[in-house]
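Descriptive analysis of the structure
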Amino acid sequence: MAKKASKSTKTKTQIAQYDPKPILCHPSTWIAAVLLFALLVVYGVSMYGFKTLERNTKLETAELATFGHIIKSYINDMEFTSNDQPTIKQATGYGVSDEDGVLYATFDFVPYIVEDNNRIPQGDMRHGIIYFQWDPERNTYGHAFSYHDNASYHPEGTYVKFE
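Figured I'd write up the structure that's included with this text. Values in this document were obtained by computation on a predicted structure and should not be read as measured data.

Comments concerning unusual backbone geometry
You will see that N83, though not glycine, has its phi angle at about 55°, which is positive. Relative to the helices and strands, N83 is located in the loop between β1 (81-82) and β2 (85-97). Given the relative accessible area of 71%, N83 is considered exposed. In this model, N139 sits at a positive phi of 60°, which is unusual for a non-glycine residue. Along the chain, the position of N139 falls in the loop between β5 (126-135) and β6 (140-148). Residue classification places N139 among the exposed residues on the basis of a relative accessible area of 57%.

Structural data, given as structure tokens:
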């Protein structure tokens with residue numbers, strides 16, 4: 001028997017190489033990359049800020065609560081007279097003036113007389129502000145008062161109202 005001639009056929013296999021150029025040149029790819037980078041930066045900064053803020057917030061909250069108590073006690077315990085009469089006083093808030101950066105406390109007061117061991121208010125409730133200013137001559141803080149008819153008046157700036 002005769003042998004059949006075998007035909008060898010070699011097929012060329014073409015391997016297609018991946019070309020990233022069309023993807024990298026597309027604007028939406030760069031927009032997505034920039035947005036992803038921005039998201040990572042914002043995430044990192046916010047995590048750092050939240051951890052830092054959390055520590056400060058606990059301390060600041062405690063400081064403000066303590067300071068509010070001290071201001072209320074200071075206003076209630078100060079000897080404050082109006083027309084040589086003792087007064088009933090109530091602290092209403094505190095703040096820092098934008099104009100000169102001075103710390104102040106606001107309060108309402110009314111003069112009273114005592115009859116049968118009772119305090120009887122004499123006149124209308126008035127509004128006062130006590131400013132705490134650094135006195136370099138005495139190397140301590142001094143204070144000054146102002147009085148206002150408008151009970152809601154306080155200097156422009158940061159203000160905390162007691163509820």
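Right, picking up where we left off after that structure.
A word on the pairing of strand β3 (residues 103-115)
With nine bridges joining them, β2 and β3 adopt antiparallel strand pairing. Of the residues in β3, the one forming a bridge with G93 is T106. Taking the residues between adjacent antiparallel strands as the criterion, β2 and β3 are bridged by five residues, where G101 takes a positive phi near 70°. The pairing of β3 with strand β4 (residues 118-121) spans four bridges and is antiparallel. Across the sheet, residue V114 finds its bridge partner in β4, namely R119. Counting the residues between successive antiparallel strands, the hairpin from β3 to β4 contains two residues, one of them, D116, with a positive phi of roughly 55°.

Topic: a nonpolar patch on the surface
A contiguous nonpolar patch, built from L36, L39 and L40 and spanning about 320 Å² of accessible area, is present on the exposed surface. Tracing the backbone shows L39 in helix α2 (residues 27-77).

Some remarks on the packing of aromatic side chains
Within the structure shown, the criterion is met by 14 aromatic pairs. On the basis of an interplanar angle of 35° and a centroid distance of 6.0 Å, the ring pair of F80 and Y147 is categorised as tilted. Placement of F80 in the loop between α2 and β1 and of Y147 in strand β6 is noted, with a sequence separation of 67 residues between them. For the pair F145 and Y147, a centre-to-centre distance of 6.4 Å together with 0° between the ring planes defines the contact as stacked. Judged by relative accessible area, which is 31%, F145 ranks as partly exposed. Members of the aromatic cluster, each reached through a chain of ring pairs, are F80, F107, F109, F145 and Y147. Geometry around F162 places K72 over its ring, the cationic atom sitting 4.6 Å from the centre.

Reading the values: rules and limits
All residue numbers refer to position in the chain's written sequence, counted from 1. Reporting of local features is limited, given that this is a predicted model, to residues whose pLDDT is at least 70; pairs of side-chain atoms are given and counted only at 80 or more, and all residues count toward the totals for whole chains, interfaces and linings. The basis for every side-chain value is the complete set of non-hydrogen atoms in the structure, without hydrogens or water. Helix numbering and strand numbering both begin at the N terminus, where a helix is a DSSP run of H or I of at least 4 residues and a strand a DSSP run of E of at least 2. Each residue is placed in one exposure class: buried if its accessible area under a 1.4 Å probe, protein chains only, is under 20% of its type's maximum, exposed if it is over 50%, and partly exposed if it falls in between. By the convention used here, strands pair only if DSSP detects at least 2 bridges between them. Nonpolar side chains (Val, Leu, Ile, Met, Phe, Trp, Tyr) within 5 Å and like charges within 9 Å form the patches, drawn only from residues with over 30% relative accessible area and no salt bridge. Residue exposure ignores everything except the shown protein chains as possible cover, and the areas themselves are Shrake-Rupley values with a 1.4 Å probe. Salt bridge, as applied in this entry: a Lys or Arg side-chain nitrogen positioned within 4 Å of an Asp or Glu carboxyl oxygen. Planes of paired rings set the category: under 30 degrees apart is stacked, over 60 is edge-to-face and the rest tilted, where pairs are Phe, Tyr or Trp rings (Trp by its six-membered ring) whose centres lie within 6.5 Å. A positively charged side chain is recorded as over a ring if its NZ (Lys) or CZ (Arg) lies within 6 Å of the ring centre. The angle to the ring normal must also be within 35 degrees.

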